[in-house]
Amino acid sequence: MIANKEEIRVGQVIVHILDSTVGMPVLSDTVLDYGSDFADFIKAHIFKTDNSDDIRRCVFEEESAIYSYLQEWNSENFVDFSKKIAEELFTIMNQNIEIPQADLIIAEYELEKRKYLAILKMDYKSFYTHLTNSDPWGNNNEIIRQKAILPGENQKLSEAALLDFEAPQYVRLTEKKYEINGVKSYYFSKLFLKCKASLSAKSRLNLVSKAVSEVQKKFYHESEQFEVQMETKSIINEEFSKDGVLDVPVVMDKIFKEHPNMRKEVEEKLEKYNLANTTVEPQNPTTTKKFTKQHLMTDTGIELKIPMEEYNNKDRIEFITNSDGTISVLIKNIGCIESK
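Each value, and the rule that gives it
- Residues numbered from 1 in each chain as written.
- Predicted model: local features only at pLDDT ≥ 70, side-chain atom pairs only at ≥ 80, totals over all residues.
- Heavy atoms only, no water.
- Helix = DSSP H or I, 4+ residues; strand = E, 2+ residues; numbered from the N terminus.
- Rg over C-alpha atoms; globule rule 2.2 N^0.38 Å.
- Buried < 20%, exposed > 50% of the residue type's maximum accessible area, 1.4 Å probe, protein only.
- Contact = heavy atoms within 4.5 Å.
- Areas by Shrake-Rupley, 256 points an atom, 1.4 Å probe, with all protein chains shown as cover.
- Lys, Arg positive; Asp, Glu negative; His and termini not counted.
- Charge placed at Lys NZ, Arg CZ, Asp CG, Glu CD.
- Disulfide = S-S within 2.5 Å.
- Pairing = 2+ DSSP bridges.
- Axes fitted to C-alpha atoms, helices over the stretch in contact; angles between N-to-C directions.
- Polar contact = N/O pair within 3.5 Å; in protein donor to acceptor, adjacent residues only side chain to side chain.
- Phe/Tyr/Trp six-rings, centres within 6.5 Å; stacked < 30°, edge-to-face > 60°.
- Salt bridge = Lys/Arg side-chain N within 4 Å of Asp/Glu carboxyl O.
- Expected span 1.5 Å × (residues − 1).
- Arc of directions from axis to C-beta.

## Structural notes on the overall build of the protein
A tally of helices and strands in the protein yields 10 helices and 17 strands. On C-alpha atoms alone, the protein measures out to a radius of gyration of 25 Å, which is more than a quarter above the 20 Å that the 2.2 N^0.38 rule sets for 340 residues. Expressed as a percentage of its 340 residues, the buried residues of the protein come to 39%. Pairs at least 24 residues apart make up 61% of the contacts formed inside the protein by residues separated by at least 6 positions. For the protein, the accessible area works out to roughly 20,000 Å², and carbon and sulfur atoms hold 47% of it. Separation between the mean location of the 44 positive side-chain charges and that of the 56 negative ones in the protein comes to 3 Å.

Encoded structure:
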C-alpha cells in the first residue's frame, strides 16, 4: 500500500490506442514527452489502484507471454515490449466485443528505490463538449459528443495491473468481468495476463458477511433478524476499530458464542474459499464504512441511520419489543433536531 502518491516517481510512459472498431491497434513508436500535470495523472491512477481493496494478488503461469516479456524487460526495450503487451490485449479485445475500447498506458515507475511497471487500461468515457465553427458570417457554437475521453484522476479503472521487477512472478491487479464466449469472466487475468488470482480483501469481507447473514436468516425468525444483524455489525465494527483487522475465528467466537451449531455451518461455507481460519485486512476506509452505521428501514417507510457509537450507548437509543410483537425505538437525550 502506498502511503502518499507523491512518493511515486514516474519514468518512461507510452500510450497505445486499442479501438477494436478500427480493426487494428494504433501503436506508438515513441514514449510520451509529458509534464508534471500528466505525471500527477499517472500517479493518481497508480495510487488509487494500489490502495484499492478490490486489488488481487496474482501469480503468473509459466505460459504467460506477459511474464516472459517482464523477464527480459529493460529500459532500452521499453517501446518494443510495450507494443507486444498492447498487441496481446488487443487480440483478446478484438475477439470479444463486450470488452470496451480503450487507450493502454504503460508506465515505468519507482517507489522506495524499487522499480515497477503499471499497465493501465483507460476505458473510453462518453461526454459532451462544445465546438466552435467559424465562417464569414461569424461563429457557430455547437455541442458535440466526445466518445474517447479517458477516466479522470478520481475515477477507478476497470482493469489495471502493477508489476514488481524484483518479484516478476507476482502481479497485483484489479479487474471486471465481461462476457467471454457467452460467460461472464475475468478476461484480464485469465486470458491476457494468464495468472491465478486470489480473492481481494473486499471480496473476502463480503463472503464472510454473506455467510454469517445466510445462516442467521436460516435459524432466526424474521422478527428477530434485525436485532441479530445489528449486533453482528456492531461486533465487526468493534474488531476493525480496535485492530484494523478482521480475525475470522475470533469474530465467529463472538457472534456465535452461544450457538456452536450455527458457527459450524458458517465455517463450512467459508472453508470452500479457505476463509474459515484467516484474517481480512482492508486498506481503504470506504470498504469498512458500512459497518460504522446501523441503517434501518421500517415497514412504515421510516429510515434510520445510527452511528455505531450511538447504537452502543444505551443512554442514547433503546429498542423495545412491545407485548403485541411490534418494536418501538426510543431516541434519548437529544439536544436539538435539524430538518434536512
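## A look at the state of the cysteines
Counted by the stated rule, this structure contains one disulfide. Two residues, C58 and C195, share a disulfide whose sulfurs are 1.9 Å apart. Sign of the S-S torsion, about 120° for the bond between C58 and C195, identifies this disulfide as right-handed. With a gap of 137 residues between them, C58 in strand 2 (residues 56-60) and C195 in strand 11 (residues 195-197) connect regions that are remote in the sequence. The residues C58 and C195 share a single accessibility class, namely buried.

## Regarding the sheet that holds strand 1 (residues 9-18)
Strand pairing in a sheet relies on backbone hydrogen bonds, with the paired strands running either antiparallel or parallel. In spatial order, the strands read 1-3-4-7-8-2-11; together these seven strands make up an open sheet with antiparallel pairing. What marks the edges here is a single partner per strand, and that holds for strand 1 and strand 11. Averaged over all neighbouring strand pairs, the angle between strand axes comes to 25°, with direction disregarded. Where strand 3 (residues 102-111) and strand 4 (residues 114-123) come together, 10 bridges link them in antiparallel fashion.

## Comments concerning the side chain of N77
As for its position among the elements, N77 is in the loop between helix 2 (65-71) and helix 3 (78-95). Of the polar contacts made by the side chain of N77, one reaches the backbone oxygen of E72; its length is 3.0 Å.

## Some thoughts on the pairing of strand 6 (residues 138-149)
One face of the sheet, then the other: side chains in a regular strand alternate in exactly this way. The pairing of strand 5 (residues 125-135) with strand 6 spans 10 bridges and is classified as antiparallel. Each residue of the ladder has a partner; that of H130, found in strand 6, is I143. Linkage of strand 5 to strand 6, two consecutive antiparallel strands, is achieved through a turn of two residues.

## So, the packing of aromatic side chains
For the coordinates displayed, the defined rule picks out 14 aromatic pairs. Members of the aromatic cluster, joined through ring pairs, are Y69, W73, F78, F81 and F165.

## Details of the pattern of salt bridges
A pair can form between side chains of opposite charge whenever their charged atoms are brought close. Overall, the coordinates contain 18 salt bridges when judged by the stated rule. The salt bridge partner of R263 is E267, with a shortest N-O separation of 2.8 Å. On the criterion of helical spacing, the pair formed by R263 and E267 is a turn pair, its members being four residues apart in helix 8 (residues 260-271). A relative accessible area of 18% means that R263 is categorised as buried. Among the ionic contacts, a cluster of salt bridges with common partners joins R114, D164 and E166.

## Observations regarding the pairing of strand 15 (residues 303-307)
The alternating pattern of strand 15 places L304 and I306 on a buried face, while none of E303, K305 and P307, on the opposite face, is buried. Note: strand 14 (residues 293-297) against strand 15, five bridges, orientation antiparallel. Across the sheet, K293 pairs through a bridge with P307, a residue of strand 15. Counting the residues between successive antiparallel strands, the hairpin from strand 14 to strand 15 contains five residues, one of them, G301, with a positive phi of roughly 95°.

## Points about the environment of E112
Take E112: it is sitting in the loop between strand 3 and strand 4. Since its relative accessible area comes to 71%, E112 is described here as exposed. As a C-alpha pair, E112 and K305 span 193 residues in sequence and 42 Å in three-dimensional space.

## Here's the deal with helix 8
The first and last C-alpha atoms of helix 8 sit 16 Å apart over 12 residues, in line with the 16 Å expected at 1.5 Å per residue. Three or more residues of helix 8 are buried, namely M262, R263, E265, V266 and L270. Across the axial projection of helix 8, the buried residues extend over an arc of 160°, all falling on one side. What points out from helix 8, more than 90 degrees from its buried face, is the exposed set P260 and K264. Buried residues belonging to helix 8 abut helix 5 (201-219) and helix 7 (248-255).

## Focus: helix 3
With 18 residues, helix 3 extends 26 Å from end C-alpha to end C-alpha; this agrees with the ideal 26 Å at 1.5 Å per step. Every buried residue belonging to helix 3 is among F78, V79, F81, S82, I85, A86, L89, F90, I92 and M93, and all of these are buried. Taken together, the buried residues of helix 3 touch strand 1, helix 2, strand 3, strand 4 and helix 4 (187-193).

## Some thoughts on unusual backbone geometry
Its identity is not glycine, yet K113 carries a phi of approximately 65°, on the positive side. Inspection of the secondary structure assignment puts K113 in the loop between strand 3 and strand 4. Residue K194 is not a glycine yet carries a positive backbone phi of 55°. Checked against the element boundaries, K194 lands in the loop between helix 4 and strand 11.

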